[in-house]
Amino acid sequence: MPQEGKSPALGSGIALKDLHLGYERADVISGLSLDVAAGEFIALLGASGCGKTTLLRALAGFVPVRRGEILLDGRDLSQTPPEGRGMAMMFQSYALWPHMSVAENIAYGLKLRGWSKERIRDRVAEMAALVGLEGLTARRIAALSGGQKQRVALARALAVSPPVLLLDEPLSNLDAGIRATMRHEIRALQQRLGLTTILVTHDREEAMSMADRVVILNKGEIAQAGTPEQVYHRPDNAYVARFMGAENTLPVGVTVEGDLRLPDGKTLRLAPDAMHIPQAIRSGSADLIFRADAASFDPVSRSMQDRAPEPDLRLRGQVRQQAYLGSVYRHEIEIGAHRILVDAPRKMPIGAVVEACIPATALCLFPARSQTTVTGQEAAAHAA
Ligand SMILES: Nc1ncnc2c1ncn2[C@@H]1O[C@H](COP(=O)(O)OP(=O)(O)OP(=O)(O)O)[C@@H](O)[C@H]1O
């Protein structure tokens, strides 16, 4: 399979301008704008029904544009039929012809384009080598594994040298091991060919490990577009923070001086730039959001009272539950009327009184309970 390493972009740049898409009376995407650079890999991530597939299908030309533009290298495609756009789409279901051989499937788009037999033969061999299917070109699709079928689908999509590769959850039917391999291989191939690529996925780990930029959609709007590190560590809003797996929300008060009033009544003053505060919060109620893996704790000891104050959030509570996640134990800590989750390498006994400590730099502060909330169920469903 291909070696990792970037080459100059061969793909096309895309600009979506004030795009409106929908079905019958309902708008699914309303007023979405996004620029995708040539050779960039974008992952569209979002809860079920937020419009990811609709957007991808509109790019391919299968969903009509109600308003706005889809520009490919500056040319408006919004009224161009699918066959005139030349984009290649790869589906979760593979969408291969089961009665045909690997070679016939890879050749399918080339035949439609009227290529000669010789050119097709050479191109099929080139594509089979590119995706690691040498020696299997005569095999029938029915006699392939899931991972091999996915490679055929990829070879078929790439055979026509598309300006843009659209991937609709292409890996979700594969088991975990092959999925990890295919993620890496598709990413390496995309970088090597400089292909502009848009991936739709539910899986945030997949999105972060493959894409240059992750675009998080919420109800047809972009909640945030940023690098994997930005959306994970510097979420623009509470929706993104929760969607990216920040499990803990503590309601706090913000005083006019900018101090935090904690649920236990204590007041905390942090260095002004220590916390991530992307939206203006003057005073009043706010949500302090942080990840379970950013927190740690020590059993409460007598020496605690003597300890010098530290610029971190410290919360005292009691262990109510714990579960082993593989590399760490996840603890549910009761703090007054609230519960938070804390990951730790060591298991704390149920009932133990502990002090959870969260570094100020791992805290995000947002206006209280914005409308853009992710439900517990959504967050669980999208956990990697
Ligand atoms: N052909 C259609 N006709 C009418 N409504 C549709 C059609 N396809 C999708 N929808 C609706 O449009 C909304 C967005 O659907 P879409 O498939 O784009 O979401 P998604 O984010 O890809 O979801 P999922 O992750 O579950 O695939 C949903 O409410 C869905 O029910």
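Within an unreviewed UniProt entry, the label attached to the protein chain reads ABC transporter ATP-binding protein, and the organism entered is Roseibium aestuarii. Comment text from UniProt for the protein chain, heading Sequence similarities (unreviewed entry), reads "Belongs to the ABC transporter superfamily."

Tallying secondary structure elements over the protein chain gives ten helices and 20 strands in all. Evaluated residue by residue, the protein chain yields a buried proportion of 49% over its 384 residues. Within the structure as shown, the protein chain displays about 18000 Å² of accessible surface, and the carbon and sulfur contribution to it stands at 51%.

Spatial strand order, 2-1-4-5: four strands in an open sheet with antiparallel pairing. Across the chains shown, the open sheet's two edge strands, defined by having one partner strand only, are strand 2 (26-36) and strand 5 (75-76). As defined by bridge partners, strand 1 (residues 14-23) adjoins strand 4 (residues 67-72) across five bridges and the pair is classed as antiparallel. For A15, the partnering residue across the bridge sits in strand 4 and is L71.

Our next topic: the site of the ligand. Taken together, Y23, V28, A47, S48, G49, C50, G51, K52, T53, T54 and H202 make up all the residues around the ligand. Take Y23: an N or O atom from its side chain is 3.5 Å from a nitrogen atom of the ligand. Out of a free accessible area of 630 Å², the ligand has 56% covered by protein chains. Broken down by element, the shell around the ligand gets its largest block of residues, three residues, from helix 1 (residues 52-60). Split by residue class, the shell around the ligand holds four nonpolar, six polar and one charged.

What follows is about helix 3 (residues 102-112). Every buried residue of helix 3 is accounted for by V102, N105, I106, A107, G109 and L110. On its buried side, helix 3 packs onto helix 4 (117-130) and helix 5 (146-159). Of the residues trailing helix 3, G114 is marked for its positive phi of about 75 degrees.

With their axes 8 Å apart at the nearest point, helix 3 and helix 5 run at an angle of 25 degrees to one another. Classified by the interaxial angle, the pair formed by helix 3 and helix 5 is roughly parallel. Where helix 3 crosses over helix 5, the handedness of that crossing is right-handed. The residues of helix 5 that touch helix 3, namely those facing V102, N105, I106, Y108 and L110, are V152, A155, R156 and A159.

The next subject is the nonpolar core. Of all hydrophobic cores here, the largest spans 50 residues; its most connected members are I106, V152, L154, L158, L165, I186 and I216. If you tally residues by element for this core, the top one is helix 5, at seven residues. Among residues more than four places away in sequence, those in contact with I106 are V124, M127, V152, A155, R156 and A159.

What follows is about the pairing of strand 16 (residues 312-324). Note: strand 16 against strand 19 (residues 353-359), seven bridges, orientation antiparallel. Note on strand 19: the bridge partner recorded for D312 is P359. Direction of pairing for strand 16 relative to strand 17 (residues 329-335): antiparallel, over a ladder of six bridges. Following the sheet pairing, Y324 is matched in strand 17 by Y329. Connecting strand 16 to the next strand, strand 17, in antiparallel fashion are four residues, including G326 with a positive phi near 115 degrees.

Time to look at the environment of G147. With respect to the element layout, G147 can be found in helix 5. In the structure, G147 is positioned 35 residues away from M182 in sequence and 7.5 Å away in space, judged by C-alpha atoms. Excluding anything up to four places from it in sequence, G147 contacts L174, I178 and M182.

What follows covers the environment of K219. Mapped onto the fold, K219 is located in the loop between strand 9 (213-218) and strand 10 (221-226). With 190 residues separating them in the primary sequence, K219 and I29 have C-alpha atoms 7.6 Å apart.

Caution applies to low-pLDDT parts of the model: their predicted coordinates are not meant to be read in detail. Per-residue confidence for the protein chain averages 86 on the pLDDT scale, and 90% of its residues sit at or above 70. Contacts of residues 1-7 to residues separated by more than four positions or lying in other chains number 23 contacts, the stretch itself having pLDDT below 50. Under a pLDDT of 50 for its full length, residues 370-384 has, in the predicted model, 26 contacts with residues more than four places off or in other chains.

Within this structure, the stated rule accounts for 20 salt bridges. Across the pair R67 and D18 runs a salt bridge whose closest N-O atoms are separated by 3.6 Å. Within this pair, whereas R67 is found in strand 4, its partner D18 is found in strand 1, the two being separated by 49 residues in sequence. Among the residues examined, D18 registers a relative accessible area of 34% and is labelled partly exposed. Its salt-bridge partner being R187, residue D212 comes within 2.8 Å of it at the nearest N-O pair. Of the two residues, D212 sits in the loop between helix 7 (204-210) and strand 9 while R187 sits in helix 6 (residues 176-193), which places them 25 residues apart along the sequence. Several salt bridges converge on common partners, so that one network encompasses R183, D203, E205 and E206.

What counts and what doesn't
- Residues numbered from 1 in each chain as written.
- Predicted model: local features only at pLDDT ≥ 70, side-chain atom pairs only at ≥ 80, totals over all residues.
- Heavy atoms only, no water.
- UniProt positions renumbered as here; feature names shortened; annotations may be inferred.
- Helix = DSSP H or I, 4+ residues; strand = E, 2+ residues; numbered from the N terminus.
- Buried < 20%, exposed > 50% of the residue type's maximum accessible area, 1.4 Å probe, protein only.
- Areas by Shrake-Rupley, 256 points an atom, 1.4 Å probe, with all protein chains shown as cover.
- Pairing = 2+ DSSP bridges.
- Near = heavy atom within 4 Å.
- Polar contact = N/O pair within 3.5 Å; in protein donor to acceptor, adjacent residues only side chain to side chain.
- Nonpolar A, V, L, I, M, F, W, Y, C, P; charged D, E, K, R; others polar.
- Contact = heavy atoms within 4.5 Å.
- Axes fitted to C-alpha atoms, helices over the stretch in contact; angles between N-to-C directions.
- Parallel < 35°, antiparallel > 145°, perpendicular 65-115°, else oblique.
- Left-handed = near helix turned anticlockwise from the far one by under 90°.
- Core = buried A, V, L, I, M, F, W, Y, C linked by side-chain atoms within 4.5 Å.
- pLDDT = per-residue confidence, 0-100.
- Salt bridge = Lys/Arg side-chain N within 4 Å of Asp/Glu carboxyl O.

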